[in-house]
Amino acid sequence: MDITIDIDSPVPQFEQIIEQIKTAVTSGVLKAGDALPSIRQLAGDLELNSKTVAKAYKLLERDSVIESKGYRGTYVHPKAKANCKVNLQEWTARKLSETLAELRAAGVTDSEIRNAFTGVISRQPQAK
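As the structure is a prediction and not an experimental result, all values here were calculated from the model. Within any chain, residue numbers begin from 1 and follow the written order of that chain's sequence. This being a predicted model, a pLDDT of at least 70 is required before a residue's local features are given, and a value of 80 or more before pairs of side-chain atoms are given or counted; all residues contribute to the totals for chains, interfaces and linings. Water and hydrogen atoms were dropped before computing side-chain values, which therefore reflect all heavy atoms in the structure.

Peer 1: Residues and numbers for the sheet that holds strand E2 (residues 66-68), please.
Peer 2: Here, strands pair whenever DSSP counts at least two bridges between them. Here a helix means four or more residues in a row that DSSP labels H or I, a strand means two or more in a row labelled E, and each is numbered from the N terminus. Taken in spatial order, the three strands make up an open sheet running E1-E3-E2, and their pairing is antiparallel. Of all strands in the sheet, those bounded by a partner on one side alone are strand E1 (35-36) and E2. The pairing of E2 with strand E3 (residues 74-76) spans three bridges and is classified as antiparallel. Counted as the bridge partner of Ser68 is Thr74 from E3. Residues count as neighbours in contact if any of their non-hydrogen atoms are within 4.5 Å of one another. To define axes, lines are fitted to C-alpha atoms, for helices over the stretch in contact only, and angles between the resulting N-to-C directions are given on a 0 to 180 degree scale. Of the strands in this sheet, E1, E2 and E3 are in contact with helix H3 (residues 50-62), which crosses E2 at around 105°.

Below you can see the structure in the form of structure tokens.
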């Protein structure tokens, strides 16, 4: 499987990696149990910062598309194909849009929404 990065694309590089891996899984190019290159190796191959690849891998692992087996490497998750259909970014955007519509209908201003969001997100511990 070849991953290519378009440096002129408005799509962030980590998202390009995620999408290409998900496409390879859904098309059958990558199958459950297939090994993926290490973060360091893929970063070197793509001439990217390893943190960019690590972010992509972390999000793919969160979504159970890949699984890390420590020093043994990173592999395609057994249920990766089904899990590729879940898009948390779209779901989050939809939920936020629904909530914003409710708040605006109640007369809350954008400034009040921004202040409340900043306050709430700064107080909430990040789920792991």
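Let's pick the thread back up.
Peer 1: I'd like a rundown of the packing of helix H1 (residues 13-26) against H3, residues and numbers included.
Peer 2: Two numbers describe a pair of packed helices, the interaxial angle and the distance between the axes. Here H1 crosses H3 at 45°, and the two axes come no closer than 8 Å. With respect to their mutual orientation, H1 and H3 come out oblique. Viewed along their axes, H1 and H3 form a crossing whose handedness is right-handed. Here Gln13, Phe14, Ile17, Ile18, Ile21 and Lys22 of H1 lie close against H3, whose contacting residues are Thr52, Val53, Lys55, Ala56, Tyr57, Leu59 and Leu60. Here the term charged refers only to Asp, Glu, Lys and Arg, the term nonpolar to Ala, Val, Leu, Ile, Met, Phe, Trp, Tyr, Cys and Pro, and the term polar to all other amino acids, Gly among them. A breakdown of the residues in the contact of H1 with H3 according to their chemical character gives nine nonpolar, two polar and two charged. The scheme is simple: roughly parallel for angles under 35 degrees, roughly antiparallel for over 145, roughly perpendicular for 65 to 115, oblique for anything else. What makes a crossing left-handed is the near helix being turned counterclockwise from the far one by less than a right angle; a clockwise turn instead makes it right-handed.

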